Amino acid sequence: MRGARAVVGLVVAVGLVAAGCGSAESGQRNGSWSYTDDRGVTVTAPERPQRIVAQVSAAGALKDFGVQVVGTFGPLVTGSGAVEAEAGSIDPKTVTDVTGPAYGEVRIEQFAGLRPQLVVSGKYAEFAGLWHLTEEQEKAVKPIAPTVGVAQSGIALPESIRKYKELARALGGDVDSARVKADEQKFAAAAQRLRDLGSRLKAAGKTILAVGGTPDEYFVVVPARNPDLDYYVKELGLPITTPKNPDTAGGGYFERLSWENASAYQGDILMWDTRRASLSPEQMKRNPVFAALPAAAANRFVGWDAVAPMSYASYANIMTRVADQIDATLK
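Quick look at the structure, then. This one's a predicted model, so the numbers in the text were calculated from it and none came from an experiment. (Residues numbered from 1 in each chain as written. Predicted model: local features only at pLDDT ≥ 70, side-chain atom pairs only at ≥ 80, totals over all residues. Heavy atoms only, no water.)

Concerning the sheet that holds strand 4 (residues 52-55)
Consideration 1: In space, the 5 strands of this open sheet follow the order 6-5-4-7-8, with parallel pairing throughout. Of all strands in the sheet, those with a lone pairing partner are strand 6 (96-97) and strand 8 (147-151), marking the two edges.
Consideration 2: Strands strand 4, strand 5 (71-73) and strand 7 (118-123) of the sheet are contacted by helix 2 (residues 56-64), whose axis makes an angle of about 120 degrees with strand 4.
Consideration 3: Relative to the sheet, helix 5 (residues 157-170) contacts strand 7 and strand 8, its axis offset from that of strand 8 by approximately 150 degrees. (Pairing = 2+ DSSP bridges. Helix = DSSP H or I, 4+ residues; strand = E, 2+ residues; numbered from the N terminus. Contact = heavy atoms within 4.5 Å. Axes fitted to C-alpha atoms, helices over the stretch in contact; angles between N-to-C directions.)

Regarding the side chain of serine 278
Consideration 1: Its location among the elements puts serine 278 in the loop between strand 12 (269-273) and helix 8 (281-284).
Consideration 2: For serine 278, the side chain forms a polar contact with the main-chain oxygen of aspartate 273, separated by 3.5 Å. (Polar contact = N/O pair within 3.5 Å; in protein donor to acceptor, adjacent residues only side chain to side chain.)

Some remarks on the sheet that holds strand 11 (residues 254-257)
Consideration 1: Taken together, 5 strands build an open sheet; the order of strands is 11-10-9-12-13 and the sheet is mixed. Strand pairing shows two members of the sheet lacking a second neighbour, strand 11 and strand 13 (301-304), which therefore form its edges. Each strand of the sheet is rotated relative to its neighbour by a mean of 30 degrees, with strand direction disregarded.
Consideration 2: With 3 bridges connecting them, strand 9 (residues 208-213) and strand 10 (residues 218-221) associate as antiparallel partners. The partner of valine 211 across the bridge, within strand 10, is valine 220.
Consideration 3: Set on the sheet, helix 11 (residues 312-329) makes contact with strand 9, strand 12 and strand 13; between it and strand 13 the angle comes to about 170 degrees.

This is the structure we're talking about:
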């Protein structure tokens, strides 16, 4: 979540609301291509788009479902050169990064040079434009290539994944391959592990608190506003606490607190936002109020990839890692 844009990037990007209608009926027909996205916008083309530019998480999801992109925008690599968690399995050497200097911008000339036929990104109802693409920037790119928006919240995680799967199918991805089926089985196995851990936590009367922070503010995340956390709570039974006073001005995705009030909520396990814009547990513990929380003092932390590609492969890995970390706190 993260200055207005900073909070949007740090906490809001965690998950937003958009009722979707990505059409499974879309795709190649009679020599032409069409797709109705989750904004209700129908994109048509003489042929199936091959040269796709996508927000990094969308690009990662499409890749996991067998569709390669030529360019990305949004966080791709860290300062050390490692791949950002948001980008998932994307190899930075295989794509051109057209991210602009400010949030929501792309480098238009570089973007146009890729000769894109389609732009894909997540869509959040509370914010104009697509994710990592402001409304103004979307107007700039649309004369070059049409845009598709994919709903990423207000729905459960499996539904978010299904939306990317169906878009990938429409783009020619082999979404019924043995590899994708194996990824789905791994996803189901990881989900069952979390379900079992949820039962253990509840039986022990233990809770999880999802948090993030900047040097100026501390955030407690609202699980229901994020497809993954919502799924963990409602379908898998993880006891993640919901804060009482969500910041409605910020979309209701979190409660904002001063660091002096970091003890307002307790949790036996602290699930922390792993993104660069959010403080690490070590940084958060420099605040004495937070450091005094029993879970913080005992280092009962579980990493939360608040933004990740919506695919079976991506979340099988993420949920396995979450399960491993929760399990470690119970030993």
